[in-house]
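# Geometric and topological summary
Here is what each chain is made of, one letter per residue.
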Amino acid sequence: MTFEELANIQNEIEQIQKTYEIFQEDVRLNHSQAACVEFLTTVKVIGDYLKPGMKILDIGAGTGAYSLHFAELGYEVCAMELAEANLQVFRQKIQPSHKLELVQGNAVDLSRYADESFDVVLLFGPLYHLHDEADRQKCIAEAKRVCKRDGTLCFSFIGHDMVFLTELMWNQSYFSDGDYNKETFRLDDFPFVFFTVPECRAMLERGGIHILREVAADGVSELMEEKINAMDAENYAQYLRYHFYTCEKPEMLGRSNHLLFVGKKQ
């Protein structure tokens, strides 16, 4: 399927399904040293809120990168994913030793889960795709509902303003022919939906989320991919330390392809 054909699909669920027949989600977070930065940052941050015996819900779990990581550490994990292409890959990775339940479902309807039944709720992939604000708020409300009163909610977004620079890596004419408004610099929300840092904050605050942390999950790692991938182990380890040192500085947030927000119920 081409991007042109994808754009012509009007049903949002079908469009999401087809998107992950094109994008190889299974290798996105682990195919290189640069690509691993987002995953390593995210699990480091989530780890700050975990205690033995906690139960995790991973909404929009993709091919299972985070679910499987925490299942390997002994946590009980419930994972929900919409795209069949991702589910097929995920199912093959589950081991008998994992306390992991995987279901197919839509993030705007978590009715299979009881109120306040999870200590940590991850809402990553769905907010990359929901174009309608009402759907986004319904998604956030459902994540809140199933999270315990003193639990932790983690949200991931694709940062709007960094996309221009990473697209430039592949298309030297992006600033003249890219898919954005040439006057306002607003990206076309396709095939993903993009948000500025203030838009992320406002969305979560409207949803009754008290924001605890804002993290530039991968920072400039995609932009610097070639240099980072060429690093030896010593330099890469020190680069990660540098990234962890800078990734929560307010001045760094807008220069990241992925944003991670951590919050509590208000």
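An account of the accompanying structure is given in this report.

## Section: the nonpolar core
Phe155 and Phe157 are the most contacted members of the largest nonpolar core, which totals 63 residues. Not counting the four nearest positions on each side in its chain, Phe155 is found in contact with Leu123, Phe124, Leu127, Ile140, Leu204, Ile209, Leu259, Leu260 and Phe261. Residues Tyr128, Val163, Tyr174 and Phe192 belong to the second largest nonpolar core, which totals 9 residues.

## What about the packing of aromatic side chains?
Counted by the stated rule, this structure contains 15 aromatic pairs. Judged by centre distance (5.6 Å) and plane angle (85°), the rings of Phe157 and Phe261 are edge-to-face. Highlighted residues: Phe157 in strand S5 (residues 147-159) and Phe261 in strand S8 (residues 258-265), separated in sequence by 104 residues. For Phe157, a relative accessible area of 0% gives the class buried. What links up through ring pairs into an aromatic cluster is the set Phe164, Tyr174, Phe175, Tyr180 and Phe185. The ring of Phe244 has Lys44 sitting right over it, with the charged end atom 5.1 Å from the ring centre.

## What to know about the packing of helix H4 (residues 33-47) against helix H5 (residues 65-72)
Helix packing for two helices is described by the angle between their axes and how far apart those axes are. The interhelical angle for the contact between H4 and H5, taken along N-to-C directions, is 50°, at an axis separation of 11 Å. Judged on the interaxial angle alone, H5 and H4 are oblique. The hand of the H4/H5 crossing is right-handed. Along its contact with H4, which presents Glu38, Phe39, Thr42, Val43 and Ile46, the element H5 presents Ala65, Tyr66, His69 and Phe70.

## Notes on the packing of helix H7 (residues 133-146) against helix H10 (residues 197-206)
Relative to each other, H7 and H10 sit at 60°, their axes nearing to 9 Å. Looking at the two axes, H7 sits oblique to H10. By crossing handedness, the relation of H7 to H10 is classed as right-handed. Judged by residue contacts, Glu133, Arg136, Gln137 and Ile140 of H7 engage Met203, Leu204 and Arg206 from H10.

## Quick look at the pairing of strand S1 (residues 55-59)
Burial within S1 is extensive, with 4 of its 5 residues counted as buried. As judged from the 5 bridges shared by S1 and strand S2 (residues 76-81), these two strands associate in the parallel manner. Pairing of Leu57 across the sheet is with Cys78, part of S2. Handedness of the crossover joining S1 and S2 through H5 is recorded here as right-handed. Inspection of the sheet shows S1 paired to strand S4 (residues 118-123) by 4 bridges, in the parallel sense. Bridge pairing links Leu57 to Val121 in S4.

What counts as what
Residues numbered from 1 in each chain as written. Predicted model: local features only at pLDDT ≥ 70, side-chain atom pairs only at ≥ 80, totals over all residues. Heavy atoms only, no water. Core = buried A, V, L, I, M, F, W, Y, C linked by side-chain atoms within 4.5 Å. Buried < 20%, exposed > 50% of the residue type's maximum accessible area, 1.4 Å probe, protein only. Contact = heavy atoms within 4.5 Å. Phe/Tyr/Trp six-rings, centres within 6.5 Å; stacked < 30°, edge-to-face > 60°. Helix = DSSP H or I, 4+ residues; strand = E, 2+ residues; numbered from the N terminus. Lys NZ or Arg CZ within 6 Å of the ring centre and 35° of its normal. Axes fitted to C-alpha atoms, helices over the stretch in contact; angles between N-to-C directions. Parallel < 35°, antiparallel > 145°, perpendicular 65-115°, else oblique. Left-handed = near helix turned anticlockwise from the far one by under 90°. Pairing = 2+ DSSP bridges. Right-handed = clockwise from strand over helix to strand, strands pointing away.

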